[in-house]
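# Survey of secondary and tertiary structure
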Amino acid sequence: MTQQNAPARTRRPWMSATRCLLAFVAVYLLAVWTPFGQRAENALFGGEGARPAWIYGWSGSAYGSSAMPPLEHTALPTLAVGTALVAAVALVRRQWWLGGAALGVIAATVGGKEIARAVLPRPDLVGARESLLETSFPSGHVAVPAALALAAVLVASPRVRPYVTAAGMLWLTVTAAAVLATYHHRPSDVLGTTLLACACHLLATRLLPPAEVPADARPPRRLPAVALTLSAAGALGSVRRIM
């Protein structure tokens, strides 16, 4: 076989659904089950409470304020409206495979979060604030923007896809900051949910028939890395403001 006829090597993405799931398990074991991980997360929360955080006024915690979706009691309505919009866009664009994959990402992320919350045991947290003692891994509020943003990228048209990506990642970052700033979740809860959503997104794109994924839809394969980076930045940025 000549060099010209040799099959081209396909470059495998460094992030895959399996690696995201392994990272999900690693975050859970290190942050939840080890004293070192528990102390590291406890140290990020200061004693003044959430009021100094810039996101406090948008979280619904302030007196008389309305919660920014999907915080407080707006999570389920936001999820329902977002899922309906994703399905509607897929129907209008007649992207049946991409629409099915997008809805699968939403269902798998939210369903996986519920299963993980019910199945994964959580030991008693040592030295944590009272508001952070209950089972919260992974975060349900972060699952909503993570799932909807990654699903919307799949069904969006090429022209608006960059704007959808930017808006979705900004929404994810702000939500991640809010749930930590208000002491509703720990950093591991946020990262665990984002990893779960990324795994579902990568698996969906992997299972799609190659003919159904246009060339301009390939870049979102790098989106999980962006989602993880921004959610981590929002999480750490928020807790730094309340220390």
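Starting afresh in each chain, residues are numbered from 1 along the sequence in its written order. Owing to the predicted nature of the model, reporting of local features is limited to residues with pLDDT of at least 70; listing and counting of side-chain atom pairs is limited to 80 or more, with chain, interface and lining totals taken over all residues. Side-chain numbers come from the whole structure's heavy atoms, not from hydrogens or water.

With that settled, the discussion passes to the overall build of the chain. Numbered from the N terminus, helices here are DSSP runs of H or I no shorter than four residues, and strands are runs of E no shorter than two. Across its full length, the chain holds 8 helices and 0 strands. Counting helices and strands in the order they occur from the N terminus, the chain gives α-α-α-α-α-α-α-α. Considering only contacts in the chain between residues 6 or more positions apart, those separated by 24 or more positions represent 78%. Only the protein chains shown count as cover for residues, and the accessible areas themselves come from Shrake-Rupley with a 1.4 Å probe. Of the roughly 13,000 Å² of accessible surface on the chain, 65% is carried by carbon and sulfur atoms. Contact definition: two residues touch when any of their heavy atoms are within 4.5 Å.

Let's shift gears to the confidence of the model for the chain. Taken as a whole, the chain shows an average pLDDT of 77; of its residues, 66% reach a score of 70 or greater. Within the chain, no element has a lower average pLDDT than helix α8 (residues 223-241), which sits at 55, and none a higher one than helix α3 (residues 75-93), at 94. With pLDDT under 50 throughout, residues 1-14 is counted as low confidence; its partners more than four residues away or in other chains account for 5 contacts. Across the chain, each position has a pLDDT score giving the predictor's confidence in that residue, from 0 to 100.

This next bit is on the state of the cysteines. Throughout, disulfides are identified as pairs of cysteine sulfur atoms within 2.5 Å of each other. With the rule as written, the count across this model stands at 0 disulfides. In this structure Cys 20 is a free cysteine whose sulfur lies 5.2 Å from that of Cys 198, the closest cysteine sulfur available. Here Cys 200 is not cross-linked by a disulfide; its sulfur's nearest cysteine counterpart is in Cys 198, at 9.2 Å.

The subject of this paragraph is the pattern of salt bridges. What makes a salt bridge here is a side-chain nitrogen of Lys or Arg within 4 Å of a carboxyl oxygen of Asp or Glu, nothing more. Under the defined criterion, the tally for this structure stands at 2 salt bridges. The partner of Arg 186 in a salt bridge is Glu 41, with the nearest N and O atoms 3.0 Å apart. In this pair, Arg 186 is assigned in the loop between α6 (161-181) and α7 (187-207) and Glu 41 in helix α2 (residues 35-42), connecting sequence segments 145 residues apart. Burial status follows relative accessibility: with a 1.4 Å probe on protein chains alone, a residue under 20% of its type maximum counts as buried, one over 50% as exposed, and anything between as partly exposed. Overall, the relative accessible area of 0% leaves Arg 186 in the buried class. With a closest N to O distance of 2.3 Å, Glu 114 and Lys 113 form a salt bridge. Residue Glu 114 is classed as partly exposed on the basis of its relative accessible area of 45%.

Our focus in this paragraph is the packing of aromatic side chains. Only Phe, Tyr and Trp rings take part, Trp by its six-membered ring, and two of them pair if their centres are within 6.5 Å. Stacked means planes under 30 degrees apart, edge-to-face means over 60, and tilted covers everything else. The full count for this structure, using the stated rule, is 2 aromatic pairs. Measuring from centroid to centroid gives 5.2 Å for Phe 24 and Phe 137, while their planes differ by 40°, and the two rings are tilted. Taken as a pair, Phe 24 in helix α1 (residues 17-33) and Phe 137 in the loop between α4 (96-119) and α5 (140-155) lie far apart in primary sequence, 113 residues in all. On the basis of relative accessibility, which here comes to 4%, the residue Phe 137 falls in the buried class.

Structurally, the position occupied by Leu 180 is in helix α6. Accessibility expressed as a relative area gives 0% for Leu 180, which makes it buried.

Below, the discussion takes up the nonpolar core. Val 86, Ala 102, Val 105, Ile 106, Val 179 and Val 190 are the most contacted members of the largest nonpolar core, which has 32 residues in total. When residues in this core are grouped by element, the largest group, 10 residues, is from α5. In this view, Ile 106 contacts Leu 79, Thr 83, Val 86, Ala 147, Leu 148 and Ala 151; residues no more than four positions away in its chain are not counted. Ranked by size, the runner-up nonpolar core spans 8 residues in total, among them Tyr 28, Val 32, Phe 137 and Leu 195. Take the buried Ala, Val, Leu, Ile, Met, Phe, Trp, Tyr and Cys residues and link them wherever side-chain atoms come within 4.5 Å; each set so joined is a nonpolar core.

Under this scheme, a helix contributes an axis fitted over its contacting stretch, all axes are lines through C-alpha atoms, and angles between N-to-C directions fall in the 0 to 180 degree range. Relative to each other, α3 and α5 sit at 5°, their axes nearing to 10 Å. As summarised for this structure, α3 and α5 are arranged roughly parallel, according to the angle between their axes. Of the residues in α5, those in contact with Ala 75, Thr 78, Leu 79, Gly 82, Thr 83, Val 86, Val 89, Ala 90 and Arg 93 of α3 are His 141, Val 144, Leu 148, Ala 151, Ala 152 and Val 155. For the contact of α3 with α5, the class distribution of residues is 10 nonpolar, 4 polar and 1 charged. Any angle that falls under 35 degrees is termed roughly parallel, while one over 145 is termed roughly antiparallel, one within 65 to 115 roughly perpendicular, and all others oblique. Residues are grouped as follows: nonpolar covers Ala, Val, Leu, Ile, Met, Phe, Trp, Tyr, Cys and Pro; charged covers Asp, Glu, Lys and Arg; every other residue, Gly included, is treated as polar.

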